[in-house]
Amino acid sequence: MMKERDILQSAQLAEQVQLLQVTQNTVETDNQRNIGSLMSNLRTKVQGMEHNIKSLEEQQDEFDFKYQTRMMEGNINAEQHAQQMKILQHLLNRLNSSRKLLMSDLTEVLGLAEQLLTVLVNVELPEWKRRQQKFCIGAREDVQLQLLESWFTSEAECLFQVRKFLKKVEELTAKVSYENDPFKIQKPALQNKVDSLLTTLLKSALVVESQPSMPQGRGPLVLRTNVQFSVKIRLLVKVPELNHVMKVTVSMDSDAPQIKGYRRFNVLGNSTKALNMIESNNGGMVADFRHLTLKEKKAGGGGKGVNDLSLCVTEELHVMCFETVFVLHGLSVSLQTTSLPVVITSGTSQQQSAWASILWFNMLCTDAGNVNFFANSPMATWPQLAEMLSWQFLSITDRGLNSDQLHMIAQKLFGQQQNYDSCRISWSKFSKENVPNTNFSFYVWFDGILMLVKNYLENLWNDGYIMGFVSKGKEKSLLKKMQSGTFLLRFSESIRDGGITFSWIEYFDDGKPNVRSVQPFTKVDLTQIPFSEIIHNFQILEAENVPENPLKFLYPNIPKDDAFGKYYTVKSGAKNPYLEYIKTKLVFVSKENTLEPKATMNLLDEPEVELPVNGLCDVHGEEPAAPDVLVPSDELMRESLLLDPGSVEMLCSDLPPDFPSSTEELEKSLQMYLSGDPMIPASDFTCLDQPPNLGAFTSDLSPHGHTVHMPLYS
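Nothing here was measured: the structure is a model prediction, and the numbers come from that model.

Chemist: Would you explain the pairing of strand β16 (residues 513-518) in this entry?
Modeler: Regular strands show a simple pattern: their side chains alternate between the two faces of the sheet. With respect to burial, β16 is a largely interior element, five of its six residues being buried. Summarising the sheet, strand β15 (residues 500-507) and β16 pair through five bridges and their orientation is antiparallel. What sits directly across from Ile505, in β16, is Val515. Taking the residues between adjacent antiparallel strands as the criterion, β15 and β16 are bridged by five residues, where Gly511 takes a positive phi near 90°.

Written as structure tokens, this is what we have:
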């Protein structure tokens, strides 16, 4: 049954992906068809002009021959002279018409080339650059350059062919010219036109194919001083004659802003490299800088013209500049391009904040040269932010955020609203100001969850089993409609570095629902035990001290083992890789105790708190008072395990011969184990056949594996 379910889900996912790809390819085909039509028309006309020029050259040779022959003849009578002049005039008129037609064709070709150039430079290239920006911050965008490169190369070839035609026109004009010669009149303007089009095309053809990034960095565009990074440059016009000829030079902050304290950097390493076709998979003109580093200049800042504005390190944007010169067939053009703005840090502690800056900039700004962006950063609309947040999950998993998850985040930020499309959030609210009743910002909280999913929960997230972003109130309303034992997984709202918990529904004898939760699990817990194992082995001791797993059905009604069974890895007894000696099963156990109300908020409990009317993105008055919450009344029961002789004797059963045999020796070994002594394997355990007086405990592993209680909350 579980296998059939997996096959069905895989088939459905594949169908959805295929449908998405077909839809995207259809859109791309429509765009390509328009450009392909223009390109085909341009090539056809250029090829036709080559034939026309040969025909015109033959006409000119005929006229020139007969004209020279007439000039070499002696005196002839008036009738013969008139007859020859009539023939020459006819040939000249025909030549003039052909010249006019050629000039007209050249004008038409350049008009078509200009139309195509406008589409490439003003539409296709900016769209690619925008896709690259989105790709850098997690969006699944097509950033391949092969198609754009083929278009740029084809147009360049046509324009260079037109320049050859004009060169031929110049040669023909030198042989034969006359009053009102269209070649003499129109050729200069056409020459300027074709050179201008080629210059525009070539200046746009130098692009940053791969933005600056460190091998082990948080993401592209976040660099660190004295740490190597790479960046790749491509010329979209393929010219085999210039292979290994054009040298690209990289520099930093060539046009640095006049901002107080603004740092400046030197680029170290091989900062000059030739464009070549070897470092490209498809033979493109590429310069791949792989071992560059940055070092801060020690020159003092400030001075005349420097304003009083100052930015923190992670809001300080820097731009890398790449320059080269294109020289071919008498045309020389200086080319320059810049990277997207980068944030340069000096330590790993700044990585998170730096990445937040990169996200915010590339979400809102398309001007790569706007290094003063954070001096007056614009606000983001909720649709913009929602899309970007979903990209973060898509960049590390196979699933983004659905509408329900985004609704919970919007409610957290803006409070309860009928529609969030018009809601706006500032840069400060996003990454600087603390969420009410916490000591961290919204982005720090969101990023902590993201890293938790990336490192420990990716498979469960991809399966769609983690509801994740759901409020405590929504959680209760969902579970109260379900059968007993139904549980869901949600992210903690009170843990800085990300936490995940589960809540389940059970019913009192009178039929009233009771939603219960456990203390959230953090990376400390999940580093040592997979979350699927925690769910699998979690147990609660009822009044009779009989262990029971209350988790039966993943919301809405998926049997627990059907959902998580394929991820179970921990085995019992001698097959358990965690336990070398003690034949027990690793479980999480919580004791059901008498719960007493307390007025003080316990953040681990995460009580439901009324959201402010306007959410986090408005000015708040006094923080709402924390409601009464229920917390366990008992203390940790580590001591009962260690000091109860009966417990120790029970633990001594069914052990290998070399294991401590007496109660005193085993108790001593356990004491040494809890103090960090490696005498016993570092595993937490509970014997399922232990007597009731042992109490209950859970494997919330500390660095030395200390067993602690798992609090239950109702």
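Chemist: Can you walk me through the nonpolar core in this structure?
Modeler: As a rule of thumb, soluble globular proteins bury nonpolar side chains together. Residues Trp382, Phe430, Phe502 and Phe531 are the most contacted members of the largest nonpolar core, which totals 169 residues. The greatest single-element share of this core, amounting to 19 residues, is contributed by helix α2 (residues 78-136). What Phe502 contacts, discounting residues up to four positions off in sequence, is Phe487, Leu488, Leu489, Arg516, Ser517, Val518, Phe521, Phe531, Ile534, Ile535, Phe538 and Leu551.

Chemist: Sorry, what's going on with the sheet that holds strand β3 (residues 229-235) here?
Modeler: Pairing between the strands of a sheet is mediated by backbone hydrogen bonds and can be parallel or antiparallel. As summarised here, the arrangement of the four strands in space is β1-β3-β7-β5, forming an open sheet in which the pairing is antiparallel. Strand pairing shows two members of the sheet lacking a second neighbour, β1 (206-213) and β5 (265-268), which therefore form its edges. For this sheet, the mean inter-axis angle between neighbouring strands, taken without regard to orientation, is 30°.

Chemist: Explanation requested: unusual backbone geometry in the structure shown.
Modeler: Across the chain, the bulk of peptide bonds are trans and the bulk of non-glycine residues have phi less than zero. Here the bond from Tyr555 into Pro556 is cis, since omega is 5°, no more than 30 degrees from zero. Backbone geometry at Asn226 places phi at a positive 65°, although glycine is not the residue there. Mapping Asn226 onto the fold places it in the loop between β2 (222-224) and β3. Look at Asn226 and you get exposed, because its relative accessible area is 58%. Although it is not a glycine, His329 adopts a positive phi angle of roughly 50°. Among the secondary structure elements, His329 is positioned in the loop between β9 (320-328) and β10 (331-338).

Chemist: Explanation requested: the side chain of Ser532 in the structure shown.
Modeler: Following the sequence through the fold, Ser532 ends up in helix α12 (residues 531-537). By relative accessible area, Ser532 is classed as buried at 6%. Excluding its chain neighbours within four sequence positions, the residues that come into contact with Ser532 are Tyr567 and Tyr568.

Parameters and conventions
Residues numbered from 1 in each chain as written. Predicted model: local features only at pLDDT ≥ 70, side-chain atom pairs only at ≥ 80, totals over all residues. Heavy atoms only, no water. Buried < 20%, exposed > 50% of the residue type's maximum accessible area, 1.4 Å probe, protein only. Helix = DSSP H or I, 4+ residues; strand = E, 2+ residues; numbered from the N terminus. Pairing = 2+ DSSP bridges. Core = buried A, V, L, I, M, F, W, Y, C linked by side-chain atoms within 4.5 Å. Contact = heavy atoms within 4.5 Å. Axes fitted to C-alpha atoms, helices over the stretch in contact; angles between N-to-C directions.

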